[in-house]
Structures are given as C-alpha cells and as structure tokens.
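# Structural overview for review
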Amino acid sequence: MRDFKEYLIKKNKFDFSLIPIGILLLEISIISGNYSQYKNANLENLLVMSFVHTSVITVLLLIYRSYLRKNLVNKANYFSLSMIGFVVAIIASTIYLGLGRYLNENVMPFGTNLFVDFIQGCFWFPNILILGGKRQDIIRSISRYEERLIIQTRKSVRNSEDFANIKNKVTQNIYQELLKICSGLIEKIEALQGNQDNPFQKVDKFEKILAGNELRKFSMKLEESGKKTDEQSYVKQAIYSIKLFSRQYSLLHWQTLKNNPLPISVYPLVLITSLLPSMVRFLPLNQFLFVFTSLLTLSYALTFAHHKVIKSSKDHTLRISSFLVLLIGLTPALTQFIGDYLFPNDRRDYPLISILFFVPIGYLIIMRVIQLIQESTITFIESGNLIVSQGLKQAISKVIEVEFVQTLSHTWAMHVHGKILTRLSATALRLKQAELSNDTNAITRSLAALIELLKNPALEINEDNRNCLSEVKSRLTPWEGLVEIEYEIDPALLETKCSRMKDLGEVIEEAISNSVRHGKSSKLSLKLRNLDNSEVHITLTDDSNYKVPELQTRFGLGTKLFNLISDGRWRLQNIDSGTQFSLTMSLEEVQK
C-alpha cells in the first residue's frame, strides 16, 4: 500500500509521444463496441462521431501540452495527470454523446459514459504519459544493453579456444601459400646459380626472376580479399541480426522475468482495465457482472500458476509462461461465450478475430513490455549480469572470423608488398651495381641474403618485441614532414610490451591514414591513456572538415579492423575543432 501511495504522489517525467497510439486504440474500441451493440447503428455516423471525438481530444491535449512547455513543466505526479485525463475525457465524450443524439444514434447513458471516462482518464492516460516519459530512458538502457552484449560476446569469442584455432588456421593457410611461392623463387634462383654461365651474364635473368610476378599477384589477391565488401551479405546480416536479437530478447525477457517478476495483481489489473470500457459499453448489467467476476477469478488463478511455473525453473519454462499469459488473454473470449449462452440477447456478435486473436496477442505483448519497463528491470539490464544466447555468440563469431580474415589478409598483403617485394627490388639493384663493379662476391652475398629471407618469409611479421613507445613512433615516422602530429603517452604505458602491441600500432596507423586521406587534416593530436583494467584508451583529434555520417552505411577494412581489435568499442564524432576518433582495447598478457 505504501508503494502505491508513493506512486500516486511521486513526480515522474512525462511525454505525449505515445498518446496518438492510445487515441487510435480508444477510437477503434468505441466504434467496434457501438457498432456491435446496436443493430441499427449507422457506420458512417459512427465514423463521423469518432472523428469529432478524436479531434476534440487532440486539440485539448495540444493546448495542455503547449501550456506545460511554456511553463517548462515536464514532471507531474500520477494524481495530477489522472485529473487532467479525466477532465479531457469528460469534455470529449460529452461532445460525442451530444453529436450522437443529434444524428439519432444510440449512445450510452451519461452515467455509464462517466464511468468509462474515469477508467480511461484516471488509469490509461497518466500511465501512457509516464511510460512516454520513460521511453528515452528505456531506449537508452536497451541500447546500452545491446552495446555491452556485443562487446561482451566479441571479447569472449576473441579470447576463446575456437577463435584461436580460427586465427591459426587462417594464418597457416596464408603462410603456406606464401611459402610455396617463395620456395618456387628459391628453386629458380638456385637453378640459375647452378648454371655454368658467367655470373655477370646471368644478372638480367636474375632480374626477371626478382620481378616477383607471382608474389605481386598473391599480394593483390590478399589486398582484394581484405577490401572485399559484399553489400548483399550485409543485408542478410542485418536480417539475421533481427532474428538473433529477437532470440536474445527472449533470453533477456526470461532473465528479467526470473529475477524481477511483476506482482501477481498486475496481470489481472491490466487485463480488466483494458477491457472494462468495452465491457461497460457492450454488455448488459447481469452479463457484465458475470464476465467481470469470471475474468477476475480466472486471471488470478492463471497468474498464480504462471508465477509458480517461473519459480520452478523446469524445462521449457519460458514457453509455458508465454502459454499461460496467452491463456489469460483468452479468458475474455471464454467468459463471453459462456455469458452469451447464459444471457442471450439480440445484439450483434462481437468479432471473433478480435477476442480470439488480437486480445490475447496484444495482451502478451503488453505484459512483456511492462515487464521490461520496470525500474528494477532496467537496473538489472544495466548491471551486466546477463546471459548471452548461443546463437548470438555463433553469429558474432562468424562476423569476427570474416573481419579477422580480411584484416589479416590486408596485413599480409602489406607485408608481402612492403617487405618481400621491396627486398626483391633492392636485390635486383644490388646485382646491377655488382655487375657494373665486376664484384662476383656481392652477387653471391645479395642472393644468399635474399634466399635466407625467402626461406622464412614471415619472420618480420611475427616480431612482437617493441614496447609501446617504439610501436607508436614506428607508426608516426612515415608521416613526418607531411602532417603535424603531437602525441602524448601515459607514462605507465611507455615501456609496456604485450601480445597486442602490434594491434595498437595498426589502429593508430589506420586512424591517422583515415584522418589525412578522408578528412584532409594537417594537424593531429594523439593521446594514449592507461585504464585500470589492463586496457588502453586511444584518442586522435584532428582539424579536418569531414562530416561524420549519422548512420554508418559503408563498412570498409578500417571499420573491420577497429571492430576486431576493440570488440566494437570505438566511435568517430565531430567536435568544434574537427573530428575525434576514440577507441578502447584490452592489453592481454602484459609484460614489463
């Protein structure tokens, strides 16, 4: 009782955004009720009356909202809102009744109409306003939940043994193909070395081999694989995501239902207050009393069974729970059929599709929404104690695998192009110089060094010996003289070495490249901040005039790289001085 009193007097944020939905449902109820109750009802007249009724309610509420906005009022208690709703409902229904009599249509007696106005104005109107006020909080809460859900799933997937196996498999496939091409080059070089011709006469032949056409094709194939974006696959992925989050929503609903179930009284209360206006309009008094008592008894009994099932934690509990809620929604149909048999009358039959389909389905949806908009439920959502569905884990695992394959392909393409092909070109130049200087030893040394590289073509890409400062400097060096970059590194990070330092460098390199290429920036500021939980926060601010789109429609290699390394924890936004890129990533296996 104390909680109920506090609810009545506590000031809540309110919003009119859901009122149009309430008015629409109200008018449908009024038209269907009157048309079903009176055989001689004229549908055209009922539509005119409904239009006037809707217009009056809308105008009155617009005036009220303008008054509140003018006086900067955005909070009120339940009692105040219900009084306003009751006044609006009385004014609108009085006009409705007067118009009905003018058009010679049968309408409810004033006393009955007053009771209906009381239910609509004092129950539904304030609750819809308060729910509208919570709308943004609910949306933000669910949005944060989804964001944490993806981050949590990404992190668990990326650290799993299965993903480690995927990484090893992809790396091995690329490495084996590269090693095969390099071994072919070694065979050609050694075969030409074994030729008895004059070493200087073989330089031109070596130069053709060192052109590395097979390696260039392999590098281009890796680069295309890294850049490939199938737009159709993103459409399929978006559709699949809807299915996944519907499954995850079921899991979320079950967890909140298990931890914070609605009070037993809420289920019958919502059912009866939803149907009461139609029951008053539609049923004679004796049948109304029978239906009301039967609904109350049956809905309470089924709600008790529902709560008992929730606490049992048996197999298929969620399905049984949903089935019982649907049964509660079907009780109006059952009581009406029995009431029609016990109390025969000459009115039109109420549409079966409404009471057999729309009422139970609508009731199930409403109860699930109410379950999720409780304060305790929102608190639970934000607590982080949520279970992730296996389907979502598998789907995100597939996305991460694609991102990893494309990112890794790009990394290897850059390695082949920047390290191995560059060494081939440099060796060809040294052979030319040795030919001009008649230095056969230089030819032998250059070829020997190149063969050593080709025997282990992944040596440099697997090096992880740099500390944070060295990694950052290595990524900034190529931009010296081109743009102005200031950087600041948390002292706790300067000498840090870990297994993901190369990932950190790739993030910085990609972010700077995007800023310069897309934003045409000339002045950048890089900051690395150490977080308490073995994580680093990277911020890159620039002076570009690039307009960040509100909705991401393109998913390039950079997006995949950032998603993979940060588990989706990154953003790009416009600020007063230009744009700001920020990303948070974990540093695992930290070594000092």
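Above this text is the structure in question.
Nothing here was measured: the structure is a model prediction, and the numbers come from that model. Residues take numbers from 1 onward in each chain, read along the sequence in its written order. Only residues with pLDDT of at least 70 get local features here, since the model is predicted, and only at 80 or more are side-chain atom pairs given and counted; chain-wide, interface and lining totals rely on the full set of residues. Hydrogens and water molecules were not included; the side-chain quantities draw on all heavy atoms of the structure.

## What to know about the overall build of the chain
Counting its regular elements, the chain contains 19 helices and seven strands. Counting across all 592 residues of the chain, residues that qualify as buried make up 45%. A sequence separation of at least 24 residues applies to 81% of the contacts in the chain between residues at least 6 apart. Per element, the accessible surface of the chain, about 32500 Å² overall, is 58% carbon and sulfur. Labels follow the DSSP assignment, with helices taken as runs of H or I lasting at least four residues and strands as runs of E lasting at least two, numbered in each case from the N terminus. The buried label applies to any residue whose accessible area, calculated with a 1.4 Å probe on protein chains only, is under 20% of its type's maximum; exposed applies above 50%, and partly exposed to all values in between. Here a residue-residue contact requires only that any non-hydrogen atoms of the pair lie within 4.5 Å. Computed with the Shrake-Rupley method and a 1.4 Å probe, the accessible areas treat only the protein chains shown as cover for residues.

## As for the nonpolar core
Take the buried Ala, Val, Leu, Ile, Met, Phe, Trp, Tyr and Cys residues and link them wherever side-chain atoms come within 4.5 Å; each set so joined is a nonpolar core. Membership of the largest hydrophobic core comes to 39 residues, with the highest contact counts inside it found for L178, I189, L215, W412 and L454. Elements supplying a minimum of two residues to this core: helix 6 (161-193), helix 7 (203-209), helix 8 (213-227), helix 15 (390-436) and helix 16 (440-455). A total of twelve residues in this core trace back to one element, the largest contributor, which is helix 6. Sequence-distant contacts of I189, that is, excluding residues within four places in its chain, are made with F206, I209, L210, L447, L450, I451 and L454. Of all hydrophobic cores here, the second largest spans 31 residues; its members include W254, L257, L262 and M367.

## Details of the pairing of strand 5 (residues 535-542)
The buried count for strand 5 comes to eight of eight residues, which makes it a mostly enclosed element. By the alternation rule, side chains of strand 5 split into E535, H537, T539 and T541 and V536, I538, L540 and D542, which are all buried. For two strands to count as paired, DSSP must find a minimum of two bridges between them. Looking at chain direction, strand 4 (residues 523-531) and strand 5 are connected through eight bridges and run antiparallel. For L524, the partnering residue across the bridge sits in strand 5 and is D542. For strand 5 and strand 7 (residues 578-586), the ladder comprises eight bridges, and the chain directions are antiparallel. Within the sheet, the bridge partner assigned to V536 lies in strand 7 and is M585.

## Points about the pairing of strand 6 (residues 570-575)
As defined by bridge partners, strand 6 adjoins strand 7 across six bridges and the pair is classed as antiparallel. The partner of W570 across the bridge, within strand 7, is L583. Linkage of strand 6 to strand 7, two consecutive antiparallel strands, is achieved through a turn of two residues.

## Focus on the packing of aromatic side chains
Pairing of aromatic rings covers Phe, Tyr and Trp, the last counted by its six-membered ring, and requires centre-to-centre distances within 6.5 Å; plane angles under 30 degrees mean stacked, over 60 mean edge-to-face, and any other angle means tilted. Applying the stated rule across the entire model yields six aromatic pairs. The structure contains a cluster of three or more aromatic residues connected by ring pairs, namely F562, W570 and F581.

## Topic: a nonpolar patch on the surface
Here a patch means residues that are over 30% exposed by relative accessible area and free of salt bridges, tied together within 9 Å if like-charged and within 5 Å if nonpolar (Val, Leu, Ile, Met, Phe, Trp, Tyr). Think of a salt bridge as a Lys or Arg side-chain nitrogen and an Asp or Glu carboxyl oxygen that are within 4 Å of each other. Judged by side-chain polarity, L298, L334, I338, Y341 and L342 come together as a nonpolar surface patch covering roughly 510 Å² of accessible area. It is helix 12 (residues 317-342) that provides the largest number of residues to the nonpolar patch, a total of four residues. Along the chain, L298 falls in helix 11 (residues 285-312).

## So, the packing of helix 17 (residues 468-476) against helix 18 (residues 501-517)
Running from N to C, helix 17 and helix 18 point in directions that differ by 30°, and their axes come no closer than 9 Å. By the criterion of interaxial angle, the relationship of helix 17 to helix 18 is roughly parallel. The element helix 17 and its partner helix 18 pack so that their crossing is right-handed. Touching C468, E471, V472, R475 and L476 of helix 17 are M501, K502, L504, G505, E506, I508, E509 and I512, all from helix 18. Residue composition of the contact of helix 17 with helix 18, by class: seven nonpolar, one polar and five charged. Note on method: axes are straight lines fitted to C-alpha atoms, helices fitted across the in-contact stretch only, with angles between N-to-C directions ranging 0 to 180 degrees. When describing relative orientation, an angle under 35 degrees is termed roughly parallel and one over 145 degrees roughly antiparallel, while 65 to 115 degrees is termed roughly perpendicular and anything else oblique. What makes a crossing left-handed is the near helix being turned counterclockwise from the far one by less than a right angle; a clockwise turn instead makes it right-handed. Throughout this entry, Asp, Glu, Lys and Arg are counted as charged residues, while Ala, Val, Leu, Ile, Met, Phe, Trp, Tyr, Cys and Pro are counted as nonpolar. The remaining residues, Gly among them, count as polar.

## Notes on unusual backbone geometry
For N438, which is not a glycine, the phi torsion comes out positive at approximately 55°. Mapping N438 onto the fold places it in the loop between helix 15 and helix 16. Using a relative accessible area of 58% as the deciding quantity, one classes N438 as exposed. With a phi close to 60°, D567 is a non-glycine residue in the positive phi region. With respect to the helices and strands, the residue D567 is situated in the loop between helix 19 (557-566) and strand 6. Residue class for D567 comes out buried when judged on its relative accessible area of 1%.

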